[in-house]
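So the chains spell out like this:
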Amino acid sequence: MAFISALCVWAFFMLAVGFGISPKISAVSALLAALTAPVFVNSSLVLTEMSAAFIVCMAALYLSSERKNMLLSEKTMKIIIFGGIAFFPWLHIKFIFLAVPFYIAYYIKRIKEKNINITEEAAYNSVIIVSVLLFVYVKYEIYGKFAPLAVTDAITSSYYYFIFSAKNMITSFFGILYDRNFGIITYNLFMIFSVWGIIHIIRKRDFRMMVPLLIVLPYGFVYLFWNDWTGSMTPARQYVPVVFILFL
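This section reports on the structure supplied with the text. (Residues numbered from 1 in each chain as written. Predicted model: local features only at pLDDT ≥ 70, side-chain atom pairs only at ≥ 80, totals over all residues. Heavy atoms only, no water.)

## Observations regarding the overall build of the chain
Step number 1: Summing up its helical and strand segments, the chain has 13 helices and zero strands in all.
Step number 2: Listed N to C, the secondary structure of the chain is α-α-α-α-α-α-α-α-α-α-α-α-α in terms of helices and strands.
Step number 3: Projecting the C-alpha coordinates of the chain onto the three principal axes gives extents of approximately 50 × 50 × 35 Å.
Step number 4: Residues counted as buried form 44% of the 248 residues belonging to the chain.
Step number 5: Considering only residue pairs separated by 6 or more positions, the chain has 71% of its internal contacts joining residues 24 or more positions apart.
Step number 6: Carbon and sulfur atoms form 72% of the exposed surface of the chain, whose accessible area is close to 13,700 Å². (Helix = DSSP H or I, 4+ residues; strand = E, 2+ residues; numbered from the N terminus. Buried < 20%, exposed > 50% of the residue type's maximum accessible area, 1.4 Å probe, protein only. Contact = heavy atoms within 4.5 Å. Areas by Shrake-Rupley, 256 points an atom, 1.4 Å probe, with all protein chains shown as cover.)

Structure, rendered in structure tokens:
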């Protein structure tokens, strides 16, 4: 887990440099990300969030890079992305909210570049199809029900459920930021720069910098409606998968 966490920090550094941020500032930002909450407190725990964070960083790195400036070969990056998208549900069903936006963003990029090889894309998509079929089968073997029905049962019988109200959304939003036990900014004052940074890129209309943020927003919004938006054991644990995008 420590090794995966280190890979996340490396991928974030490369992502920041890829956006034209100076290597020195990128290195300092990566160091802050590595040595502060929530990354530091989750870096050695056997949880699924840090693995998801690595997939997010690599996918964002691919989507934001031009082909000539690609860190790894395009084939390698595609294997990581499609393998990551296929692996997301196995880490946790909630990561579907990351898998789908990244999948859509990938094909938007490919269409804009007018560079789609049907045979090649079919091969990559087969990885996702096989993973989904296996996922459904395994869930059926465990619960005796097909995955969609098992998820429905979990939602209706679990302590965790969704509350679709403006009051809960506002409470959750400020709780995620400032709650004394689990708030992101409460445990890491450097995250204040992320709030300022988001406002800054919107004001500048820096659409390239906004793309990774827009992709992870669906995942972030889930916890505005979930009844338990807390860190669930560690500060801001739920936001570990997207925290590097916030640092960016």
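## A look at the packing of helix α1 (residues 2-18) against helix α2 (residues 23-35)
Step number 1: Viewed as axis vectors pointing N to C, α1 and α2 meet at an angle of 150°, and their least axial separation amounts to 9 Å. If you check the angle between α1 and α2, you find them roughly antiparallel. The handedness of the crossing between α1 and α2 comes out as right-handed. Contacts between α1 and α2 pair V9, F12, F13, A16 and V17 from the former with P23, S26, A27, S29, A30 and A34 from the latter.
Step number 2: Taken together, the residues of the contact of α1 with α2 sort by class into nine nonpolar, two polar and no charged. (Axes fitted to C-alpha atoms, helices over the stretch in contact; angles between N-to-C directions. Parallel < 35°, antiparallel > 145°, perpendicular 65-115°, else oblique. Left-handed = near helix turned anticlockwise from the far one by under 90°. Nonpolar A, V, L, I, M, F, W, Y, C, P; charged D, E, K, R; others polar.)

## Quick word on unusual backbone geometry
Negative phi is the rule for most residues except glycine; trans is the rule for most peptide bonds.
Step number 1: The omega angle of the peptide bond from A37 to P38 is 5°, so this bond is cis rather than trans.
Step number 2: Structurally, the position occupied by P38 is in the loop between α2 and α3 (39-42).
Step number 3: At R205, a position not held by glycine, the phi torsion is positive, near 55°.

## What about the state of the cysteines?
Step number 1: Under the definition given, this model contains zero disulfides.
Step number 2: Looking at C8, it has no disulfide partner, and the nearest cysteine sulfur is the one in C57, 5.5 Å off.
Step number 3: A relative accessible area of 0% places C8 in the buried class. (Disulfide = S-S within 2.5 Å.)

## Structural notes on the pattern of salt bridges
Any two side chains of opposite charge can pair, so long as their charged atoms come close to each other.
Step number 1: Inspection of the entire model under this criterion finds eight salt bridges.
Step number 2: In this structure, the salt-bridge partner of R110 is E113, at a minimum N-O distance of 3.9 Å. Of this pair, R110 and E113 both sit in helix α6 (residues 96-113), three residues apart, which is roughly one turn of the helix.
Step number 3: In this structure, the salt-bridge partner of R110 is E121, at a minimum N-O distance of 3.9 Å. Of this pair, R110 sits in helix α6 while E121 sits in helix α7 (residues 118-143), and the two are eleven residues apart along the sequence. Accessibility assignment for this pair places R110 and E121 in one class, buried. (Salt bridge = Lys/Arg side-chain N within 4 Å of Asp/Glu carboxyl O.)

## Quick word on helix α4 (residues 49-64)
For an α-helix the count is 3.6 residues per turn, leaving residues at separations of three or four pointing the same way.
Step number 1: The terminal C-alpha atoms of α4 lie 22 Å apart, and with 16 residues this matches the ideal 22 Å at 1.5 Å per residue to within 8%.
Step number 2: Counting buried positions along α4 gives 16 out of 16 residues, so the element sits mostly inside the fold. (Expected span 1.5 Å × (residues − 1).)

## With respect to the side chain of T36
Step number 1: Topologically, T36 is positioned in the loop between α2 and α3.
Step number 2: Polar contacts involving the side chain of T36 include one to the main-chain carbonyl oxygen of L32, which spans 2.4 Å.
Step number 3: Leave out the neighbours within four places in its chain, and T36 touches N188, F190 and F247. (Polar contact = N/O pair within 3.5 Å; in protein donor to acceptor, adjacent residues only side chain to side chain.)

## Here we look at the nonpolar core
Step number 1: Core analysis: the largest hydrophobic core is formed by 65 residues, its most contacted members being F88, L98, F102, Y223 and F244.
Step number 2: The element best represented in this core is α4, accounting for 13 residues.
Step number 3: Filtering out sequence-adjacent residues up to four positions away, F244 remains in contact with C8, V9, F12, A33, V39, M50, A53 and C57. (Core = buried A, V, L, I, M, F, W, Y, C linked by side-chain atoms within 4.5 Å.)

## Describing the packing of aromatic side chains
Here the distance between the centres and the angle between the planes together describe a pair of aromatic rings.
Step number 1: Under the definition given, this model contains 19 aromatic pairs.
Step number 2: Summarising the aromatic geometry, the rings of F162 and F164 are spaced 5.9 Å apart at their centres and angled 20° between planes, so their arrangement reads as stacked.
Step number 3: Here a set of aromatic residues connected by ring pairs shows up, and it is made of Y62, F82, Y103, Y106, Y107 and Y124.
Step number 4: Over the face of the ring belonging to Y62 we find K109, whose NZ or CZ atom lies 5.5 Å from the ring centre. (Phe/Tyr/Trp six-rings, centres within 6.5 Å; stacked < 30°, edge-to-face > 60°. Lys NZ or Arg CZ within 6 Å of the ring centre and 35° of its normal.)

None of the figures reported here should be taken as evidence of function without further support.
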